[in-house]
Amino acid sequence: MYILGIETSCDDTCAAVLKDSQILSNIISSQIDLHKVWGGVVPDIAKRAHQDRILPVIDTALKRAKINIKDIDLIAVTKGPGLAITLSVGVNTAKEIVIKYHKKIVGVNHIEGHLMANFLTNSQGKPKRPFIFPALALTVSGGHTKLILINKIGNYKVIGETLDDAAGEALDKSAKLLGLGYPGGPVIERLAQKGNSSFLKLPSPIADKKILDYSFSGLKTAFYYQIKDWPKNKINKHLSDLAASFQMAVFDTLLRKFTLAIEKYQPKCLLISGGVAANLNLRKRTRELAKKYQLPLYLPFKKELNTDNAAMIALAGYYQSQRGDLANPQNLDVDSRAEL
Ligand code: KG4
Ligand code: ZN
């Protein structure tokens, strides 16, 4: 089956073509340059950029895959969660294509897309990853931080999530406090590599061992209060140490709750995905955790499959269509707060 995926839930305009789980093309037009001057995503600017870019991005995805739109069997588009006004650009474009070319369509949940990113393969069908259930997934991005138990594809239970900021959002906000650029996660990662992670002592949010939920806003506030009276030159002198300390506090929390969930639910396989999972330190620590519990660990096979992309949406759509969960284009609507 040939699937065209479309993703516009935030600030990346994305289209991809898959043959079943194999990526034939995966085009990501990032808007970081448009938003970084504002220190974060501006929804109106994002919407206009998506409108300008979506058709050329789809066209490039088809060309690079060497597939004619007529040979596409299914259109998979993100319906939510995300920014309503940017999601609607993708959904409306998908509907127009579906009506014009008489295609089937599915509305995909963005978080399910992040879970499916772990099962994407290259054009040779590699890496081969058997489904092993129950699997426990940690999805960490700019918009969400969730622990998800996967009983089978399409059957998900959120067993823990953030009560306030997402992990990526916390990294972005701390980077902003330090006067670094947007998005903060990659900048913090680069600085943290040469910093001392025990330089600042930061709290461990929600220490209660029975609770699998996360909280990051207190961590960000504690960080702020520790450095708010520091002169600029002191902050600049210790930039790497501050980045390393904050990153360590965020990852300690992520992995503490991940460990609790492993012990409680005894999964047979671990997954980690979402923008923050592009971080090499988090990947290394997650590998160590998986080794300790002797569990297979699946990470997206390429760095760019952690952050938002349409290949993951296409794969989620492929499995959704196999479950018979197709949409009627007339009734397909954006659901900016869609639950998994
Ligand atoms: O999955 P994603 O592209 O978009 C959402 O669905 O939110 O994730 C974006 C988030 C941002 O907060 C960004 O700072 C973070 O992922 N991020 C990283 C890294 N690359 C992106 N965080 C830590 N280390 C990275 N290398
Ligand atoms: Zn995302």
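Refer to the preceding data block for the structure.
Remember, it's a predicted structure, so these values are computed and weren't measured experimentally. (Residues numbered from 1 in each chain as written. Chains lettered and ligands numbered in written order. Predicted model: local features only at pLDDT ≥ 70, side-chain atom pairs only at ≥ 80, totals over all residues. Heavy atoms only, no water.)

**Quick word on the packing of aromatic side chains**
Ring pairs (aromatic) are described by centroid distance and by the angle formed between their planes. Scanning the entire structure with this criterion turns up 9 aromatic pairs. Where Tyr224 meets Tyr225, the ring centres are 5.2 Å apart and the plane angle is 70°; that geometry is what we call edge-to-face. Aromatic pair Tyr318 and Tyr319: ring centres 5.2 Å apart, planes at 55°, arrangement tilted. The pair Tyr318 / Tyr319 is uniform in exposure class, with both members buried. By the ring-pair criterion, three or more aromatic residues cluster together here, those being Phe119, Phe131, Phe133, Tyr298, Tyr318 and Tyr319. Over the ring of Trp230 we find Lys234; its NZ or CZ atom is 4.0 Å from the centre of that ring. (Phe/Tyr/Trp six-rings, centres within 6.5 Å; stacked < 30°, edge-to-face > 60°. Buried < 20%, exposed > 50% of the residue type's maximum accessible area, 1.4 Å probe, protein only. Lys NZ or Arg CZ within 6 Å of the ring centre and 35° of its normal.)

**A closer look at the nonpolar core**
With 50 residues, the main nonpolar core has Val140, Leu178, Val250 and Leu254 as its most contacted residues. For this core, the secondary-structure elements that each account for two or more residues are strand S6 (135-140), strand S7 (145-152), helix H5 (167-177), helix H6 (184-192), helix H7 (217-227), helix H9 (239-265), strand S9 (269-273) and helix H10 (280-292). At 13 residues, the largest contribution of residues to this core is made by H9. By size, the runner-up hydrophobic cluster in this structure holds 34 residues, among which are Ile150, Tyr298, Ile313 and Ala314. (Core = buried A, V, L, I, M, F, W, Y, C linked by side-chain atoms within 4.5 Å. Helix = DSSP H or I, 4+ residues; strand = E, 2+ residues; numbered from the N terminus.)

**Considering the coordination of the zinc ion (ligand 2)**
Ligation of the zinc ion (ligand 2) by protein atoms is provided by His110 (NE2), His114 (NE2) and Asp308 (OD), these donors lying 2.0 to 2.1 Å from the ion. Geometry at the zinc ion (ligand 2) is irregular, judged from the 4 donor atoms that bind it and their angles of 96 to 140° at the metal. Between consecutive donor residues of the zinc ion (ligand 2), the sequence gaps follow H-x3-H-x193-D. With His114 in helix H4 (residues 110-116) and Asp308 in the loop between strand S10 (297-298) and helix H11 (311-322), this pair connects stretches of sequence that are 194 residues apart. Take His114 and Asp308: they sit in the same class, and that class is buried. (Donors = N, O, S within 2.8 Å, 3.2 Å for Na, K, Ca; no water. Tetrahedral: all angles 85-135°; square planar, octahedral: opposite > 155°, others 65-115°.)

**Here's the deal with the pattern of salt bridges**
The final tally for this structure, using the stated rule, is 11 salt bridges. Linking Lys173 and Glu169 is a salt bridge whose minimum nitrogen-to-oxygen distance equals 3.4 Å. On the criterion of helical spacing, the pair formed by Lys173 and Glu169 is a turn pair, its members being 4 residues apart in helix H5. According to the relative accessible area criterion, Lys173 is partly exposed, its value standing at 30%. (Salt bridge = Lys/Arg side-chain N within 4 Å of Asp/Glu carboxyl O.)

**Quick notes on the side chain of Glu7**
Relative to the helices and strands, Glu7 is located in strand S1 (residues 2-7). Here Glu7 occupies a buried position and makes no salt bridge, while the nearest side chain of opposite charge, Lys79, is found at 13 Å. Of the polar contacts made by the side chain of Glu7, one reaches the side chain of His110; its length is 3.0 Å. Those residues in contact with Glu7 that lie beyond four places of it in its chain are Asp12, Thr13, Cys14, Thr78, His110, Asp308, Asn309, Ala310 and Ile313. (Lys, Arg positive; Asp, Glu negative; His and termini not counted. Polar contact = N/O pair within 3.5 Å; in protein donor to acceptor, adjacent residues only side chain to side chain. Contact = heavy atoms within 4.5 Å.)

**Considerations on the sheet that holds S6**
Ordered by their spatial adjacency, 5 strands build an open sheet running S8-S7-S6-S9-S10, and the pairing between neighbours is mixed. Looking at strand neighbours, the two that pair on one side only are strand S8 (155-161) and S10, the edges of this open sheet. In terms of strand pairing, S6 meets S7 through 6 bridges, oriented antiparallel. The partner of Thr139 across the bridge, within S7, is Lys146. (Pairing = 2+ DSSP bridges.)

**As for the sheet that holds strand S2 (residues 12-19)**
If you trace the 5 strands from one edge of the open sheet to the other, you get S3-S2-S1-S4-S5, paired in mixed fashion. Each end of this open sheet is capped by a strand with a single partner; those strands are strand S3 (22-30) and strand S5 (104-109). Strand after strand, the sheet turns through a mean of 20° between neighbouring axes, direction not considered. Of the pairings in the sheet, the one linking strand S4 (residues 74-80) to S5 comprises 6 bridges and is parallel in character. Bridge assignment links Thr78 to a residue of S5, and that residue is Val108. (Axes fitted to C-alpha atoms, helices over the stretch in contact; angles between N-to-C directions.)

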